[in-house]
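What follows is the residue order along each chain.
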Amino acid sequence: IDGMIVNRRREVLSSQNLIDGNYTGDTSEWTFVGLAQRSSRRRWINMPSVMNACREEFAGGGVVIVEVNVEHTSTPSEQFLLHRSLDAMVGVHGAQLTQGVLLPPYSHILELLPWVPSYARGDWVTWTSSPTPLGVIFHNTDLNHFGYKLGRCSVPLCEGEPADKERECFEKEENSRQWNWDTRNFLVEPRVIIKFIRNFVLGRQHKKCGDLNEWAKKDGFVIYNVRCEEESQHVLRHYYRSDLLAPVRDCNFDDLSVEVSQERAAGGLDNADSKCPLPLESRKWLYYDRIDRDNQIIAGYASHAQDPPRLADADFENRTVDSKPAIPHRLVFTHRFDLLNCTESSSPESDPQLHLLASNVKATVAAYSAIWTDLDVVFLTDDDCRRA
């Protein structure tokens, strides 16, 4: 297993041009930090710019930043190697961080705590005076568990609304999905991740307990569980914070239009007809700027059907029957609206959820069209069904 982990780390280093074919070390001089991503709800919107900022900050410093997305793995062993090859992992509160139990001993976990104001449900995901429900898993273990409260600016919704109108905006029906903490996508300031790596992860075997506690207080972190040095001995400590509040000041993010460009470069189908345009001049649509990448993932999932486990054409030809039935390849979709019509799903007045569905439909059609040239697509609206 140790050899497999070293090989995995070498592959990552090589892919980032940090080593060449002459490297024969065990990679222990490198610190691997994984940023946990999700493909749907609770996506880390500005992860690309955070990764770039960290790489610039620690260039030449032996820090390797990687994306961790278990939804892109296919076997338990792949998930094991993905996490076991890390020294630290960062992600928003959620099930993906339970994979922290696969990290090596004495690794570091930063749990990003979603912004939940007093009038919203879900305050248990922001606990700092005791472990979060997720943190119970790491309590009194050899894993170092930290937390950081995300602020209002982590939520790219209802921006520009007066303070006394903000709650009303959040609770509108059309905003419910992107407002609720468990389905909301989020932004993170790069400085938060940089400070976590510099103060808590690097030099991880020689941190004094008092120093860790002071750094946590200074930079807004909570220490749920940590192994540190006290009077020349390594001890287990918990530095909870009853006074820790979410940041209220404006956050410093890179221009989000950069993220949009990066996402479009990384994902989406090549055929322009397979996508509806995103009206990004509307703020609520900017929240869905990662849809193109999701569609690429969907198309990738379908690609396994290039050689689908079905009766081969040769076998079909050899069947001793008088006539072979003509079996068309058909996709049938049903919805209230015709999601193949971009005017229905891409106007600034329409619900972004409608665009999400339409984009997934188009990605599915494009993926299977590449597999079956005789594909027949039927879209039945509610009106079609009523007429039938």
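Visitor: Is there a simple way to explain the environment of Cys169 in this structure?
Guide: Mapped onto the elements of the fold, Cys169 is located in helix α4 (residues 163–170). Residue class for Cys169 comes out buried when judged on its relative accessible area of 8%. As for Cys169 and Leu157, which are separated by 12 residues in sequence, their C-alpha atoms are 8.6 Å apart.

Visitor: I'm lost on the environment of Arg184 in this one. Help?
Guide: Locating Arg184 in the fold gives a position in the loop between α5 (176–179) and α6 (190–201). You can call Arg184 buried: its relative accessible area is 4%. With 144 residues separating them along the chain, Arg184 and Ser40 place their C-alpha atoms 9.5 Å apart. At 2.8 Å, the side chain of Arg184 and the backbone oxygen of Trp179 are in polar contact.

Visitor: Could you clarify how one ought to interpret helix α3 (residues 76–84) in this entry?
Guide: Helical geometry: 3.6 residues make up each α-helical turn, so side chains three or four residues apart lie on a common side. Along α3, the positions that sit buried rather than exposed are Leu81, Leu82 and His83. On its buried face, α3 is in contact with α1 (2–15), β2 (63–68) and β3 (88–92).

Visitor: Looking at this model, I keep getting lost on the pattern of salt bridges. Mind explaining?
Guide: Pairing is possible between side chains that carry opposite charge, provided their charged atoms lie close to one another. All told, the structure shown has 12 salt bridges when counted by the stated rule. A salt bridge links Asp182 to Arg121, with the shortest nitrogen-to-oxygen separation between them at 3.1 Å. With Asp182 in the loop between α5 and α6 and Arg121 in the loop between β4 (108–113) and β5 (144–149), this residue pair connects regions lying 61 residues apart in the sequence. By relative accessible area, Arg121 is classed as partly exposed at 46%. The closest approach of N and O atoms between Asp219 and Lys218, which form a salt bridge, is 3.7 Å.

Visitor: When you look at the confidence of the model for the protein chain in this model, what are you seeing that I'm missing?
Guide: The predicted coordinates of low-pLDDT regions are not to be read in fine detail. Of all residues in the protein chain, 78% have pLDDT values of 70 or greater, and the mean over the chain is 79. Throughout residues 280–293 the model reports pLDDT below 50, and contacts reaching past four residues in sequence, or to other chains, amount to 56 contacts. Across residues 303–325, where pLDDT falls below 50, the model places 10 contacts with residues more than four positions away in sequence or in other chains.

Visitor: Mind showing me how you'd approach the side chain of Thr128 here?
Guide: Among the structural elements, Thr128 can be located in the loop between β4 and β5. In this structure Thr128 comes out as buried when scored by relative accessible area, which is 5%.

Visitor: Explanation requested: unusual backbone geometry in the structure shown.
Guide: Outside of glycine, negative phi angles account for most residues, and trans bonds account for most peptide bonds. You will see that Glu231, though not glycine, has its phi angle at about 55°, which is positive. Tracing the sequence through the fold places Glu231 in the loop between β6 (221–230) and β7 (233–239). For Ser232, which is not glycine, the phi torsion reads 65° and is therefore positive. Structurally, Ser232 is set in the loop between β6 and β7. For Ser232, a relative accessible area of 69% puts it in the exposed group.

Visitor: I'm lost on the nonpolar core in this one. Help?
Guide: General note: in soluble globular proteins, nonpolar side chains tend to be found buried as a group. Leu35, Trp44, Leu112, Ile193 and Phe196 are the most contacted members of the largest nonpolar core, which has 36 residues in total. With residues near it in sequence (within four places) discarded, Ile193 still touches Leu35, Trp44, Val50, Cys54, Val90, Leu110 and Val188. Membership of the second largest hydrophobic core comes to 18 residues, among which are Val68, Leu82, Leu86 and Ile109.

Visitor: Teacher, can you tell me more about the pairing of β2 here?
Guide: A regular strand places its side chains on the two faces of the sheet in alternate fashion. Within β2, 5 of the 6 residues are buried, which leaves it mostly tucked inside the rest of the structure. In this structure, strand β1 (residues 31–36) lies alongside β2, joined through 6 bridges in parallel fashion. Bridge pairing in β2 links Thr31 to Val63.

Visitor: Can you walk me through the pairing of β6 in this structure?
Guide: Of all 10 residues in β6, 7 are buried, a share of seventy percent or more. In this structure, β5 lies alongside β6, joined through 4 bridges in antiparallel fashion. Counterpart to Gly147 in the pairing with β6 is Val222. One ladder, built from 6 bridges, connects β6 with β7; its direction is antiparallel. The partner of Cys228 across the bridge, within β7, is Val235. The turn linking β6 back onto β7 is made up of 2 residues, and Glu231 within it adopts a positive phi angle of 55°.

The rules we used
Residues numbered from 1 in each chain as written. Predicted model: local features only at pLDDT ≥ 70, side-chain atom pairs only at ≥ 80, totals over all residues. Heavy atoms only, no water. Helix = DSSP H or I, 4+ residues; strand = E, 2+ residues; numbered from the N terminus. Buried < 20%, exposed > 50% of the residue type's maximum accessible area, 1.4 Å probe, protein only. Polar contact = N/O pair within 3.5 Å; in protein donor to acceptor, adjacent residues only side chain to side chain. Contact = heavy atoms within 4.5 Å. Salt bridge = Lys/Arg side-chain N within 4 Å of Asp/Glu carboxyl O. pLDDT = per-residue confidence, 0-100. Core = buried A, V, L, I, M, F, W, Y, C linked by side-chain atoms within 4.5 Å. Pairing = 2+ DSSP bridges.

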